[in-house]
Amino acid sequence: MARRRLLAWIGLALAVALSQNAPARADIGVETPWHPAAAAYRSMMFLGDLKPVVWDQIGTAYESPHPAAAVSRPAKIYFESLKGSAADAIVKAIAAKNRQALYEAATRATSQLTRQALAEAADSLTMPGKAHQKVMEAQTLYRSFGEFIDQTDPEAGKRLGRAWLELTSSVGSQGVLGTGAVAPELEVFAAARKVIEDYLAANYEPERFTARERLTPLPESVAAAQAEVKVRPWLPPGSNLNNQDPLPKLVLNFEEREIKETDLPLVAYGDMLFDSPLIFGEPARSLGLACSSCHNRSDVNQTFFIPGISHQKGAIDTRGSFFNPLFNDHRRGSLDIPSLRGLRFTAPYGRDGRFGSLRDFTRNVIVSEFAGNEPTPFMLDALVAYMIEFDFLPNDKLDKRGELTEKASASAVRGAKLFRKPFPQMDGKACATCHIPSANFLDRKAHDIGSARPSYEGGRDGAFDTPTLLGAKFTAPYFHDGSMPTLASVVDWFNDRYKLKLRKTELADLTAYLETIGDANEPYQKFEGKKTKFRLDWEELTTFASTFETLLPKRDAKHADLMLETVATDLAADASGMANTAAKPKVYEVAGLLSDVRKAIVADDWAAAEKSWARFKEFQAKYDEEMY
Amino acid sequence: MTRLTIDRRALVLAGLAIAAAPLAPALAQKRKELVLAFIPQENPEKLQGDIKVISAWLAKEIGVPVRGFVGSDHAAAVEALRNNDADISFMGALPYVIANAQTGAVAVLAEVYRGSPAYTGRIFVRRDSAIAQLADLRGKAIAFADPISESGYLYPLDIFVESGLLQRGEDPKRFFGKVYFAGGYQQAMQAMQAGLVDAAGVSQYADLLLTPDQQPQVKWIAESKPIPSHVVIARKDLDPALKAKFVAAMLKLNEPQNVALLKHVYSPDGYVAADPKSFDGVRELAKAYGLMN
């Protein structure tokens, strides 16, 4: 079955708080480009809250063009354009590694930039095109603060939101060749500008800031009141939790045997949990992070990225301060995300093989890494039941014993011999000694091959679990830290590290062999016509819902509630990607019926739950043809 | 999301032109090249890359050098066509009919999106609001995108005329309590979703600009007549042979081996030859609202 996940649509200009409890998710999510200064500001505040603080990356966010910005211009250029010492104060705070000083300097400067753009708009009102442009620029800077004002000072958020509307409406229009030109409304503009500027000056440029434990830019009035406020977890600009494109093909053992998932309720429930952010705690839960966010379709999501937490795309530090401060190991340990294909053959688990049991590993991910509540035995059983269905991608260049077939190239065949050749420089071992062809190209052991430096003198912590080479053509980059971009670079690394003295043709042959055994007949999911991504989601989510047939007779409210919330939320969100947009309201209707089931269960009214469930099944069948 | 991105070029994030220095047009009269005037979009650097790709491909197809530049907005593009600083531009039907009337520029191609060279404007409201029909919006606040926009103003406004709630050309403030121009579809939709206004009058596809979690929170209650899709227009005096070559090349983008290039010209599904009659309705509305004589 499919999987996804999300993107926190990070701070659209006037976005107001979503439901506080509902995970934010999306299959389609393109982050609106940021103003360079706003991008840097939000990044610096996020990175400043990590423990340990990543000061080098804060410096980079300030000094270098931001990848999520609309233009490749360093933020410092904008801050340096301000009168006074605003930019110097930011630089000094970074040099001094002083979080409070950084918050104060960067916040003041960003607010000043916003007000400066408004002042320029006011000065340009005789040129409506330019004035409009400056108002829009001011709005993109205000995005630095907007969502936090909306969430923690909602009354002001609405007042300011209306003021922005007054500004964009009163600025006038130049029309086209003079046609349709609209004169600016000066008084309306001035009044709206005053509303925004007064609030910014009071809350983001106060004489004295309250000391901040967290650098989320709350209005000063809110921070000073020191009341408990809830702020939705947020990620810095440039984060990407979306699915990769093309979508990897998922190979499930039962499906290949033509067994229906609806006949395997434990597996189907595990499939649902694999996609559910609700098994995690905050902040992962509200950000919509699920197992499938990283291990999309049992494979690796090579585009996953969170600045400060991922050292590169397709990597994550699961033991940092962000997801579970209690589990913070205070190391910058971002690792390449591994594929889970063939998971039942790849024990032990964890990059260094620290968990022998998949069940223990899974619990560790939920509870320790992502701060979730203790999963029930049923949940762990279900997750394991689902994950052990992950099969390797079929590859007709390889037989079941791991030998090449006649479809392999001559170069790959030559490479196969090298792969099996013992080298004295490797203690008489061959590549195949650890990557055993008949054992899915792994040996279930951890070896120190020299790919990582010991973390302290005399340390012996550089050993990593032998990874399978099956499907490897599609899982770049390689090594525990993703430091090798291609299979060819891996071959080169071994040649250099162990002084194997392979000739160029031999290096090419060995690479060809790795690319052949790591190949697949059909690595990606195909979509065409009505077989859309949403169709895949629809089939998957209704399969998840089918587990209610098992939970209902047991009156299992806890697990039914978790499933129903996951499916109802996902269905409604996934409808945004429909090709058949006319049928979107029908998806909302069906999702609403699942919510009705849930409400009835919460009220312990199982008769009402059964009634809504029957209606859900009726409408699922009725609308099925339109679901694409 | 062609409908969305096209208008957003000029309206939504024009502010981000902040640091994207528009490339200067050259004097057309003296050049032996085809010059395309593009409208800014939300990601100016991506647009510069797109221009390079599509210009190179067109040059190869047409056999003359092709160059593109980004104007500051629709008005600047029309100005460039009028001054012979550009030969071709991309825009919505309303700026086109104004450009046609004032400069003689002609529509040569129409974009196809979701299988159609037309789309609609809609009135969106919050799903949990008490507003069920247009009349419920009397005295309420509405956000449109921009006063010079067919799907972001004129057509959605005209829905109220067709319903008998407004007269054509009448000040909409006589019906609504407040009328805003939010600057773009996305801003108008967000203002409505956030409860800052009661309704948004925008393109039928504007709900896709909300987050997937916000989209179920809104619904539309009325739809306009079909609006011709966005067009590719040529200046009045462009050499007919060169114009024909350009059109033929652009139509080749519909072929399977070339469709990937469409993402470099605002991502339509494809192009068809523009139908001059399809703009009659736009002209009629533009006249009714005082935008044309």
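Residues numbered from 1 in each chain as written. Chains lettered and ligands numbered in written order. Predicted model: local features only at pLDDT ≥ 70, side-chain atom pairs only at ≥ 80, totals over all residues.

### A look at the pairing of strand 12 (residues 231-234) of chain B
Residues and elements named next belong to chain B.
- Here strand 12 shows two buried faces, one formed by Val231 and Ile233 and the other by Val232 and Ala234.
- The pairing of strand 3 (residues 88-91) with strand 12 spans four bridges and is classified as antiparallel. When the bridges of strand 12 are listed, Ile88 appears paired with Ala234.
- Pairing of strand 4 (residues 106-112) with strand 12 involves four bridges; the strand directions are antiparallel. Its bridge partner lying in strand 12, Leu109 is registered against Val232. (Buried ≥ 20, exposed ≤ 12 C-beta atoms within 10 Å, placed from the backbone. Helix = DSSP H or I, 4+ residues; strand = E, 2+ residues; numbered from the N terminus. Pairing = 2+ DSSP bridges.)

### Re the confidence of the model for chain A
- Per-residue confidence for chain A gives a mean pLDDT of 94; residues scoring 70 or more make up 95%.
- Contacts from residues 1-28 of chain A, a stretch scored under 50 in pLDDT, to residues over four places away or in other chains number 112 contacts. (pLDDT = per-residue confidence, 0-100. Contact = placed C-beta atoms within 7 Å.)

### A look at unusual backbone geometry
Residue and element names in this part refer to chain A.
- Here the residue pair Ala347 and Pro348 is connected by a cis peptide bond, since its omega of 0 degrees sits within 30 degrees of zero.
- Tracing the backbone through its elements, the reader meets Pro348 in the loop between strand 2 (335-336) and helix 14 (358-369).
- Positioned with a positive phi, Leu177 is a non-glycine residue whose angle comes to about 50 degrees.
- Along the chain, Leu177 turns up in the loop between helix 7 (154-170) and helix 8 (186-204).
- Even without glycine at this site, Gln226 takes up a positive phi of about 55 degrees.
- For Gln226, the location among the structural elements is in the loop between helix 9 (220-225) and helix 10 (253-256).

### Comments concerning the confidence of the model for chain B
All names here are of chain B.
- In the predicted model, chain B carries a mean pLDDT of 89, and the fraction of residues at 70 or more is 89%.
- Low pLDDT, under 50, characterises residues 1-24; the predicted model gives this stretch 90 contacts beyond four residues in sequence or across chains.
- Across the interface, the model reports ipTM at 0.88; the global pTM reads 0.91.

### Notes on the pairing of strand 7 (residues 141-144) of chain B
Residues and elements named next belong to chain B.
- With four bridges joining them, strand 7 and strand 8 (residues 178-181) adopt parallel strand pairing. Residue pairing across strands places Ala143 opposite Tyr180, the latter belonging to strand 8.
- Crossover strand 7 to strand 8 through helix 5 (residues 150-162) is right-handed.
- Here strand 7 pairs with strand 9 (residues 199-203) via three bridges, running parallel. Along strand 9, the bridge assignment pairs Ile142 with Ala199. (Right-handed = clockwise from strand over helix to strand, strands pointing away.)

### Some details on helix 18 (residues 487-497) of chain A
All names here are of chain A.
- If you check which residues of helix 18 are buried, you get Leu487, Val490, Val491 and Phe494. Down the axis of helix 18, the buried set is contained in an arc of 100 degrees. They therefore lie on one face.
- In the segment just after helix 18, Lys499 is the residue with positive phi, at about 50 degrees. (Arc of directions from axis to C-beta.)

### So, the environment of A:Arg414
Residues and elements named next belong to chain A.
- Here Arg414 shows up in helix 16 (residues 410-420).
- Residue Arg414 is classed as partly exposed on the basis of its C-beta count, with 17 C-beta atoms lying within 10 Å.
- Each C-alpha atom, one on Arg414 and one on Ala508, is 9.7 Å from the other, the two residues being 94 residues apart in sequence.

### A word on the sheet that holds strand 10 (residues 218-223) of chain B
All names here are of chain B.
- Pairing is mixed in the open sheet, where five strands are placed in the order 8-7-9-6-10. Both outer strands of the open sheet, strand 8 and strand 10, are each paired with one neighbouring strand and no more. Averaged over all adjacent pairs, the angle separating strand axes in this sheet is 30 degrees, with direction ignored.
- The strands that helix 6 (residues 185-193) touches are strand 6 (121-126), strand 7, strand 9 and strand 10; relative to strand 9, the one it contacts most, it runs at about 155 degrees. (Axes fitted to C-alpha atoms, helices over the stretch in contact; angles between N-to-C directions.)

### Thoughts on the sheet that holds strand 1 (residues 34-38) of chain B
All names here are of chain B.
- In space, the six strands of this open sheet follow the order 2-1-3-12-4-13, with mixed pairing throughout. Each having just a single partner strand, strand 2 (66-70) and strand 13 (270-273) make up the two edges of the open sheet. The sheet shows a mean angle of 25 degrees between the axes of neighbouring strands, direction not considered.
- Contacting strand 1 and strand 3, helix 3 (residues 74-82) runs over the sheet at an angle of about 155 degrees to strand 3.

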